[in-house]
Amino acid sequence: MPALATGLDGPRASRDRVSAGLAAEFPTVPPGTVDRRVADARARAEHLGIEATPEVVERVAREHLLALVNSAPPPRSPR
């Protein structure tokens with residue numbers, strides 16, 4: 001498992017770092033989708049009253065990206 005992003009230099013820098021790490025981990029997912037998953041994970045944590053640390057955001061976003069990648073249908077074979 002890759003190292004989790006950490007840092008105390010603000011939420012935007014942390015979000016960028018988390019997005020960059022996950023984009024490298026999921027090269028088949030468009031970067032904009034990764035960014036949205038990270039932003040959504042952060043918003044969900046805050047809405048639930050959970051501290052949205054980079055570690056929590058990264059773990060939740062990773063789970064959502066894994067679900068996205070694993071739910072994609074297999075490519076169609078030519079007939």
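For clarity, every value in this text was computed on a predicted model and none was experimentally measured.

A.B. asks: Explain the packing of helix α2 (residues 31-47) against helix α3 (residues 54-71) to me, and be specific about the residues and the numbers.
C.D. replies: Relative orientation of the contacting elements α2 and α3 amounts to 130°, with a least axis distance of 8 Å. Between α2 and α3, the angle falls in the class oblique. Here α2 and α3 pass one another in a crossing that is right-handed. Of the residues in α3, those touching α2 at Thr33, Val34, Arg37, Val38, Ala41, Arg42 and Arg44 are Val57, Val60, Ala61, His64, Leu65 and Leu68.

A.B. asks: Let's hear about the side chain of threonine 33: which residues, and what values?
C.D. replies: Mapped onto the elements of the fold, threonine 33 is located in helix α2. Take threonine 33: its relative accessible area is 14%, and that puts it in the buried class. At 3.2 Å, the side chain of threonine 33 and the side chain of arginine 36 are in polar contact.

A.B. asks: Residue-level account of the pattern of salt bridges, with values.
C.D. replies: Tallied over the entire structure, the rule returns three salt bridges. Among the salt bridges present, the one from arginine 42 reaches glutamate 46, with a minimum N-O distance of 3.8 Å. Within this pair, arginine 42 and its partner glutamate 46 are both found in helix α2, separated by four residues, close to a single helical turn. Glutamate 58 is the salt-bridge partner of arginine 62, the closest N and O atoms lying 3.0 Å from each other. With a gap of four residues between them, arginine 62 and glutamate 58 both fall in helix α3, about one helical turn apart. In this pair, the class of arginine 62 matches that of glutamate 58, namely buried.

Each value, and the rule that gives it
Residues numbered from 1 in each chain as written. Predicted model: local features only at pLDDT ≥ 70, side-chain atom pairs only at ≥ 80, totals over all residues. Heavy atoms only, no water. Axes fitted to C-alpha atoms, helices over the stretch in contact; angles between N-to-C directions. Helix = DSSP H or I, 4+ residues; strand = E, 2+ residues; numbered from the N terminus. Parallel < 35°, antiparallel > 145°, perpendicular 65-115°, else oblique. Left-handed = near helix turned anticlockwise from the far one by under 90°. Contact = heavy atoms within 4.5 Å. Buried < 20%, exposed > 50% of the residue type's maximum accessible area, 1.4 Å probe, protein only. Polar contact = N/O pair within 3.5 Å; in protein donor to acceptor, adjacent residues only side chain to side chain. Salt bridge = Lys/Arg side-chain N within 4 Å of Asp/Glu carboxyl O.

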